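Read off the chains here:
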Amino acid sequence: MTPFSWKPDSTESILLVDDTAKNFDGVKSVLKHQGYKVTVTNSHCEVLIKIAESPPGLVLLDTFIPNKTGCEITRQIKQNSDLPFIPVLLITNCDESNLIQGLKAGADEFLIAPVEVNELLTRVRLLLRLKHSIDQREAIAHRRWEDFVINLTHDLRTPLTSAIQVLNLLQTGSFGQQLSQMQEYLHQIAENNHTLLDMVENMLEVYQYEAGSKYLEFFAVDLWELIQKVVEELQPLVLVENLNLTTKSNNTYPSAVKVWGDRIELHRLLVNSVGNAIRFTDAGSIEIRLCSTVQCVKIEVEDTVIGISGTE
């Protein structure tokens, strides 16, 4: 493995925070001379807004800011889990209490005013090197976790899908007629496999959303056609449960009802809703209704299960 190396990035951004901008004129000039992108602010609110909009590579601040101490700003930066690692370098006077409070708040380094140029540049370079190292480590960990989740879901999906197909063949008598008392057990095994497969798919979906790698693709979706497809897919479960699954629309031309959305996600949502209704309905019927008006479109799933509101 190639050893990790780092050199100062001339495009690295540094946010300077001071109660009086003029106090940091010298520091700003030194850093700009080194090629860093430097922004200066003396507003507490502006600090947090700037960091949220575009996290800098380093925050360098005085221990006293109007209405907020540098320690409090440091604490808010460090406690914000939505932000990447941002090193904080405090500049303080000889007040030991300020220094202790700053370090307790999460500051990564400190300098005692007046600031000496070489010491300033050394601290800045070390903290930026630390940030690059942590960023690289987190990127590697993220890739490893992503590979693990994708491989795991793939490895689980394949045998589950195969087992479901074999059970379907058994239930339909493809390998010869089965004894009636076996049908109940076969159905239960198939149901459990479907549940496990749903869990695998949901785990991958959740991970993709959290990792920011899941993107919705929007197209005009024919909801009536999608409903009919879901009914066809779930019909074997309906027959096994001896239920009656019907569809209904308040529109004379239901195929004309289209929405702008991600077909795969709408299909998954509908399958889960109807599948739950089938799973928890012991006897009776399930009706899927497509209700459309000028203002909105609704899909309702109503079952005859006792003890639960009829409409999901």
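It should be noted that the structure appears before, not after, this text.
All residue numbers refer to positions counted from 1 along the written sequence of the respective chain. A pLDDT threshold of at least 70 governs which residues receive local features in this predicted model, and a stricter bar of 80 or more applies before side-chain atom pairs are shown or counted, although totals over entire chains, interfaces and linings include all residues. Hydrogens and waters are ignored; side-chain quantities use all the structure's heavy atoms.

(A) Representation of the overall build of the protein chain. For the purposes of this entry, the term helix denotes a DSSP run of H or I that reaches at least four residues, the term strand denotes a run of E that reaches at least two, and both are numbered from the N terminus. In terms of regular secondary structure, the protein chain is built from eight helices and twelve strands. Here the protein chain, with 312 residues, has 33% of them falling under the buried criterion. Put simply, 66% of the contacts in the protein chain that link residues at least 6 apart link residues at least 24 apart. Accessible surface, the protein chain as shown: approximately 18800 Å² in total, 55% of it carbon and sulfur. Exposure classes here rest on a 1.4 Å probe applied to the protein chains alone. A residue is buried below 20% of its type maximum, exposed above 50%, and partly exposed in between. Any two residues whose heavy atoms approach within 4.5 Å are treated as being in contact. Note that accessible areas follow from Shrake-Rupley with a 1.4 Å probe, and for residues the cover is restricted to the protein chains shown.

(B) Just the pairing of strand β6 (residues 88-92), in detail. When you tally the buried positions in β6, you get five out of five residues, the bulk of the element. Where burial is concerned, the two faces of β6 agree: the one with Val 88, Leu 90 and Thr 92 and the one with Leu 89 and Ile 91 are both buried. Should DSSP find at least two bridges between two strands, the strands are regarded as paired. Two strands pair when backbone bridges link them, and strand β3 (residues 58-62) and β6 are joined in this way by four bridges, in the parallel orientation. Along β6, the bridge assignment pairs Leu 60 with Leu 89.

(C) Expanded view of the nonpolar core. For the purposes of this section, nonpolar cores are sets of buried Ala, Val, Leu, Ile, Met, Phe, Trp, Tyr and Cys residues that join through side-chain atoms within 4.5 Å. Ile 227, Leu 245, Val 274, Ile 278 and Ile 286 are the most contacted members of the largest nonpolar core, which totals 20 residues. Secondary structure elements with two or more residues in this core: α7 (223-241), α8 (263-280) and β11 (285-292). The biggest single contributor to this core is α7, with eight residues. In this structure, Ile 227 is in contact with Thr 247, Leu 270, Ile 288, Leu 290 and Ile 299, ignoring residues within four places of it in sequence.

(D) Spatial organisation of the sheet that holds strand β12 (residues 297-303). Strands sit in the order β9-β11-β12 across an open sheet of three strands; the sheet is mixed. Two strands in the sheet have a free side with no partner beyond their single neighbour: β9 (244-249) and β12. For this sheet, the mean inter-axis angle between neighbouring strands, taken without regard to orientation, is 15 degrees. One ladder, built from seven bridges, connects β11 with β12; its direction is antiparallel. Residue pairing in the sheet places Arg 289 in a bridge with Glu 300 of β12. To obtain an axis, a line is fitted to C-alpha atoms, over the contacting stretch when the element is a helix, and the angle between two such axes runs from 0 to 180 degrees between their N-to-C directions. Across the sheet, α7 touches β9, β11 and β12, and the angle it forms with β9 is around 175 degrees.

(E) Molecular detail of helix α3 (residues 70-79). Turning to α3, its buried residues number three or more, namely Gly 70, Cys 71, Ile 73, Thr 74 and Ile 77. What you see down the axis of α3 is that its buried residues fit within an arc of 160 degrees, all on one side. The arc under discussion is defined with respect to the helix axis, by the directions toward the C-beta atoms.

(F) Expanded view of the packing of α7 against α8. Across the interface, α7 lies against α8 with an axial gap of 10 Å and an inter-helix angle of 30 degrees. Handedness of the crossing formed by α7 with α8: right-handed. Residues Leu 223, Glu 225, Leu 226, Ile 227, Lys 229, Val 230, Glu 233, Leu 234, Leu 237, Val 238 and Glu 241 of α7 lie in contact with α8, whose contacting residues are Arg 263, Leu 266, His 267, Leu 270, Val 271, Val 274, Gly 275 and Ile 278. What makes a crossing left-handed is the near helix being turned counterclockwise from the far one by less than a right angle; a clockwise turn instead makes it right-handed.

(G) Spotlight on the environment of Leu 197. Structurally, the position occupied by Leu 197 is in helix α6 (residues 180-211). Judged by its relative accessible area of 15%, Leu 197 falls in the buried class. Residues Leu 197 and Ile 164 lie 33 residues apart in sequence; the distance between their C-alpha atoms is 9.5 Å.

(H) Fine view of helix α1 (residues 25-33). Taken residue by residue, α1 has Val 27, Val 30 and Leu 31 as its buried positions. Looking down the long axis of α1, one finds its buried residues gathered within 95 degrees of arc, a one-sided arrangement. After α1 finishes, the residue Gly 35 shows a positive phi value of roughly 95 degrees.

(I) Quick peek at the pattern of salt bridges. Salt-bridge detection follows one rule: a side-chain nitrogen of Lys or Arg within 4 Å of a carboxyl oxygen of Asp or Glu. Taken as a whole and assessed by the stated rule, the structure comprises nine salt bridges. Here Arg 289 and Glu 287 are joined by a salt bridge, their closest N and O atoms 2.9 Å apart. A salt bridge links Arg 289 to Glu 300; its shortest N-O distance comes to 3.0 Å. Of the two residues, Arg 289 sits in strand β11 while Glu 300 sits in strand β12, which places them eleven residues apart along the sequence.

(J) Focus on the environment of Gln 235. Positionally, Gln 235 belongs in helix α7. With a relative accessible area of 27%, Gln 235 lands in the partly exposed category. Separated by ten residues in sequence, Gln 235 and Leu 245 place their C-alpha atoms 7.9 Å apart.

(K) Region of the structure containing the state of the cysteines. Cysteine sulfur atoms that come within 2.5 Å of each other are treated as a disulfide pair. Applying the stated rule across the entire model yields zero disulfides. Here Cys 291 is not disulfide-linked; the sulfur of Cys 296 is the nearest cysteine sulfur, at 8.7 Å.

(L) Just the side chain of Lys 131, in detail. Summarising the element assignment, Lys 131 is placed in helix α5 (residues 117-171). If we ignore the near neighbours within four places in the chain, the residues touching Lys 131 are Pro 56, Gly 57, Pro 84, Phe 85 and Pro 87.

By themselves, these figures tell us nothing about what the structure is for.
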